[in-house]
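# Descriptive structure summary
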Amino acid sequence: MTAHVLVFGNEKGGTGKSTAAMHVIAALLDQGLRVGCMDLDLRQGTLSRYIENRSQSQRLLKSPDHIRILEDNGHFQDAFERLQQAEDVIVIDTPGYDSPLGKLAHSLADTLITPINDSFIDLDVLARVDGESLTIKAPSHYAETVWQQRQQKMLRQKGGTIDWIVMRNRLSHLDARNKRDMEGLLEALSKRIGCRIVPGFGERVIYRELFLKGLTMMDMKGEELSMSHLAARQEVRTLLEAMNLPCLK
Ligand SMILES: Nc1ncnc2c1ncn2[C@@H]1O[C@H](COP(=O)(O)OP(=O)(O)OP(=O)(O)O)[C@@H](O)[C@H]1O
Ligand SMILES: [Mg+2]
């Protein structure tokens, strides 16, 4: 069986793609799966930096087979094919801007995960919203990109589909009104653009404080775990379940 391809994408920058990718990678490793990953963010390379930090840890940690792509020179395809044969899952982190490699990765996705912050600005890259009636007027550029890449995939792999998951990130307990408005809009959006909305991550320091150690709360044990770690761990597990990965069935 070839590897399941999990792509983290959103043309909007800073929505939590690399953070979510790293946490999902740690959760997949924790499940005993073989994980390959690719970082297509040529400039920032956040996921690569995270994994570099992980490799320097004193702890005994499971690590993914990671490939950082430094230029768009055809190396991607070879590396992808190698991982496809060797791993159970390939996790691809894409940059927060439109790029040819990013597009190609979208067209290879079995599952596409798009984190968005609970903000109308983030929603704007997916759909135009009528500010008066709070209804969806039309899909916008990123949703159109995904639509095109779905067509590409369908042509290449006869009948191939992309399961598109939009996850809300950095949810806060405050702001009940905005949260409700977003919920209604996302519900309408999911029907319009063909995505699933799944529960995502709360706004928690724990999602950023372990970066320098290359760790996630999935790697911590026993008394190291606070209530907040446990809550975050549950959020990551819930996301993993929502993905319905064939290799975890
Ligand atoms: N759930 C969360 N709670 C707290 N902080 C978060 C959470 N998710 C992400 N962050 C923080 O938000 C910022 C952006 O996250 P990240 O770098 O993962 O986004 P990105 O989509 O990969 O960005 P880019 O488009 O630039 O690649 C980082 O400072 C990260 O630590
Ligand atoms: Mg990133």
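Structure report, in brief. Since the model is a prediction, treat every value here as computed from it, not as a measurement. (Residues numbered from 1 in each chain as written. Chains lettered and ligands numbered in written order. Predicted model: local features only at pLDDT ≥ 70, side-chain atom pairs only at ≥ 80, totals over all residues.)

### With respect to the site of ligand 1
Heads up, the condition is: By definition, a residue lies near a molecule or strand when the C-beta atom built from its backbone is within 6 Å of it. Secondary structure follows DSSP: runs of H or I at least 4 residues long count as helices, runs of E at least 2 residues long count as strands, and numbering of each begins at the N terminus. As a working rule, the residues Ala, Val, Leu, Ile, Met, Phe, Trp, Tyr, Cys and Pro are called nonpolar, Asp, Glu, Lys and Arg charged, and the rest polar, with Gly in that last group.
In the vicinity of ligand 1, 19 residues are found, and the nearest of them are Gly-13, Ser-18, Thr-19, Gly-96 and Arg-208. Mapped onto the shell around ligand 1, the elements with two or more residues apiece are α1 (17-30) and α8 (206-209). Of the residues forming the shell around ligand 1, the biggest block, 3 residues, is contributed by α1. Of the residues assigned to the shell around ligand 1, the class counts are 3 nonpolar, 10 polar and 6 charged.

### Examining the sheet that holds strand β8 (residues 163-169)
Our working rule: At least two bridges found by DSSP between two strands is the condition for calling them paired. The angle between two axes is taken between their N-to-C directions and runs from 0 to 180 degrees, where each axis is a line fitted to C-alpha atoms and a helix contributes only its stretch in contact.
Judged by pairing direction, the sheet is parallel, and its 7 strands sit side by side in the order β3-β2-β4-β1-β5-β8-β9 without closing on themselves. Either end of the sheet is taken by a strand with one partner, and the two such strands are β3 (65-68) and β9 (196-198). Going from strand to strand, the sheet's axes swing by 20° on average, the running direction of each strand aside.

### A word on the packing of α1 against helix α9 (residues 227-243)
To keep it simple, the criterion reads: Note on terminology: angles under 35 degrees are roughly parallel, angles over 145 are roughly antiparallel, angles of 65 to 115 are roughly perpendicular, and the others are oblique. Contact between residues is assigned whenever the C-beta positions, reconstructed from backbone atoms, fall within 7 Å.
In contact at an axis separation of 10 Å, α1 and α9 are set at 80° when each is read in the N-to-C sense. The angle between α1 and α9 falls in the class roughly perpendicular. Residue-level inspection shows His-23, Val-24 and Ala-27 of α1 in contact with α9, the latter providing Val-236, Arg-237, Leu-239 and Leu-240. Classifying every residue of the contact of α1 with α9 by side-chain character gives 5 nonpolar, 1 polar and 1 charged.

### Section: the nonpolar core
Here is the rule we go by: To count as a nonpolar core, a set of buried Ala, Val, Leu, Ile, Met, Phe, Trp, Tyr and Cys residues must be joined through C-beta atoms within 7 Å. In this scheme every C-beta is placed from the backbone, and a residue whose C-beta has 20 or more other C-beta atoms within 10 Å is buried, one with 12 or fewer is exposed, and one in between is partly exposed.
Membership of the largest hydrophobic core comes to 61 residues, with the highest contact counts inside it found for Val-24, Ile-25, Ile-90, Val-91 and Ile-92. A per-element tally of this core places α1 first, with 8 residues. With residues near it in sequence (within four places) discarded, Ile-90 still touches Ala-3, Val-5, Leu-6, Gly-36, Cys-37, Met-38, Leu-83 and Gln-84.

### Notes on helix α6 (residues 141-156)
This is how the line gets drawn: Under the convention used throughout, the expected extent of a helix is 1.5 Å for every residue step, that is, one less than its residue count. Think of it as the arc spanned by the lines of direction from the helix axis to the C-beta atoms.
End to end, α6 covers 23 Å across 16 residues, agreeing with the expected 22 Å (1.5 Å per residue, within 8%). Within α6 the residues assigned to the buried category are Tyr-142, Ala-143, Val-146 and Gln-149. Viewed along the axis of α6, the buried residues span an arc of 120°, placing them on a single side of the element. Exposed residues lying more than 90 degrees from the buried face of α6 are His-141, Gln-148, Gln-151 and Leu-155. The inward-facing, buried residues of α6 contact α4 (100-108), β5 (111-117), β6 (127-130), β7 (135-139), β8 and α7 (176-193).

### Side note on helix α2 (residues 46-55)
Buried residues of α2: Leu-47, Ser-48, Tyr-50, Ile-51 and Arg-54, and no others. The arc enclosing the buried residues of α2, seen along the axis, measures out at 160°, which places them on a common side.

### Topic: the environment of Gln-148
Tracing the backbone through its elements, the reader meets Gln-148 in helix α6. Once the C-alpha coordinates of Gln-148 and Ile-67 are considered, the two residues, 81 residues apart in sequence, prove to be 26 Å apart.

### What about unusual backbone geometry?
Positive phi is not limited to glycine here, since Leu-134 has a value of about 50°. Its location among the elements puts Leu-134 in the loop between β6 and β7.

### Focus on the pairing of β8
Of all the 7 residues making up β8, 6 are buried; the element is thus mostly covered by neighbouring parts of the structure. Summarising the sheet, β5 and β8 pair through 7 bridges and their orientation is parallel. Counterpart to Leu-112 in the pairing with β8 is Trp-164.

### Digging into the packing of α4 against α6
Basically, it comes down to this: Crossings are assigned a handedness: left-handed for a near helix turned anticlockwise from the far helix by less than a right angle, right-handed for a clockwise turn.
Contact pair α4 / α6: the axes reach a minimum separation of 8 Å and the direction vectors enclose 55°. It follows that α4 is oblique to α6 by the angle criterion. In the packing of α4 onto α6, the handedness of the crossing is right-handed. Where α4 approaches α6, its residues Lys-103, His-106 and Ser-107 are matched on the opposing element by Thr-145, Val-146, Gln-149, Gln-152 and Lys-153. Considering only residue class, the contact of α4 with α6 consists of 1 nonpolar, 5 polar and 2 charged.

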